[in-house]
Structure formats: C-alpha cells, structure tokens
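# Commentary on secondary and tertiary structure
These are the residues of each chain, in order.
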Amino acid sequence: MVTAGQVIAFAAVIQLGAMSPGPDFAVVVRQAAVSGRRGGMAAALGVAGGVFVWAAAAALGVAALLAASATAFTITKITGAAYLLYLGARSLQAAYRGSEAPLEMTTEAVAGGIPDGFRRGLLCNLLNPKAAAFFVALMPQFLGNHPATADTLVLSAIAVLVTAIWFVVLANVVGSLRAFFTRRRVRRALDAGSGAVLIGLGVRLAATST
C-alpha cells in the first residue's frame, strides 16, 4: 500500500510536470482565451482524461510496450505531431483572416465549445508519446514491479486530480481575461503566437527519438 509520503511526493512530481510548458498548456490557454472559461475547463478535463489513460497504461505495462516499440512510438509520435501541426495551422489561418470572436457568447456557442475543447485536450495528451514515457519512468518508482490494483487506482486518481486542478485554474484565469483576448489585434496576436508555438511543438515532437 502506498504511504501518505509517497502520495505527496507523487502529487508534487505530477504538479511540476503539469506546469511545464508544452502542448497541453498551449491548447488549454488558447481554448480558454477563444471559447471562454467553460471551453478552457473542458480542454483541461480532456487533458486530465488523457493523463488517467497514460497513468493506468503505465501501471499495467501498456505504456512501457509503446515506449519500447519503435514502430508504435513512431506512429504515435507522427500522429501527435500531425495533430499539433493541424491545430497550429488552424490558429495561423484564424490570425491571417483576422476573425474577431464576439465578446458575449451565445448559449449555443458555449455548448459547442465544450465538446470541442474536451476533444482537443484529450487528443493532445493521448497523442503525445512523451506523456507515455513520463509515466513509464514515474509509476514504477511508486508502485514497484507488481502493483496492487488499489495502489494503481489511487495514484492514477491523484494524477488526474492534480492535473485537472492546475489546468482548470489556468483556464479560469485566462477565461476571466477573455474580454481582453477577444479584441481584434490581441486575438490575432494570440492566434499567431499560439499557432507558431503549436507548430514548433509539433516539429519538435516529430524530431523526438525513442
């Protein structure tokens, strides 16, 4: 059974990992700025869902197979890089067109941004083989070679909770400034900047080796 000290240490490592700038951070920030708090929180929960999958997969040894298989790693890497490039291209396209989102979102617009935000957050995390490698390296240090089901569920839940809290807070902070972000010039700068960051992350991911 994992101890309280192990849980605290594990939560601290997860927190540091969540706070590191990366694709998840970029997706949540842009989603919150464009779609508001609810869209941003949906993306945050999507990222947390991906974290749960990777944590459980690492504990069960599935993620280790991905990390060990050059073919599986490459397929996931290319797919993830392509997805980031797609998101980046969409952002640059929006910046080029200079579209300006309305300051007041309709109920339909808010509702439409929630599933889209969740999907983007989930896919961004699941298609990142670095997330698999992170949990492959981390989980065994706290669970050992033959983890109990209860311990696996506890640490997986901790990973999801810490990640969700961090990104939900981030989404709310950015979402509270949405009136600023939806100004035409600011929105174009945001789209251009996030697009460049996502494309850069996609290229970096594509160049990652096993």
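Calculation criteria
- Residues numbered from 1 in each chain as written.
- Predicted model: local features only at pLDDT ≥ 70, side-chain atom pairs only at ≥ 80, totals over all residues.
- Heavy atoms only, no water.
- Helix = DSSP H or I, 4+ residues; strand = E, 2+ residues; numbered from the N terminus.
- Buried < 20%, exposed > 50% of the residue type's maximum accessible area, 1.4 Å probe, protein only.
- Contact = heavy atoms within 4.5 Å.
- Areas by Shrake-Rupley, 256 points an atom, 1.4 Å probe, with all protein chains shown as cover.
- Phe/Tyr/Trp six-rings, centres within 6.5 Å; stacked < 30°, edge-to-face > 60°.

Quick look at the overall build of the protein chain now. Across its full length, the protein chain holds nine helices and zero strands. Its helices and strands in sequence order give the protein chain the pattern α-α-α-α-α-α-α-α-α, from N to C terminus. The burial tally for the protein chain puts 46% of its 210 residues in the buried class. If you take every contact in the protein chain between residues at least 6 apart in sequence, the share linking residues at least 24 apart comes to 89%. Surface exposure of the protein chain reaches about 10,400 Å², of which carbon and sulfur atoms provide 68%.

Per the counting criterion, the structure on display carries four aromatic pairs. When the ring of Phe-10 is compared with that of Phe-142, the centres are 5.3 Å apart and the planes differ by 75°; the resulting orientation is edge-to-face. With Phe-10 in helix α1 (residues 4–19) and Phe-142 in helix α6 (residues 129–143), this pair connects stretches of sequence that are 132 residues apart.

Looking now at the environment of Phe-118. Tracing the backbone shows Phe-118 in helix α5 (residues 107–126). Look at Phe-118 and you get partly exposed, because its relative accessible area is 37%. Put simply, Phe-118 and Gly-39 are 79 residues apart on the chain and 7.8 Å apart in space, counted from C-alpha to C-alpha. Residues in contact with Phe-118, not counting those within four places in the same chain, are Ala-42, Ala-43, Leu-45 and Gly-46.

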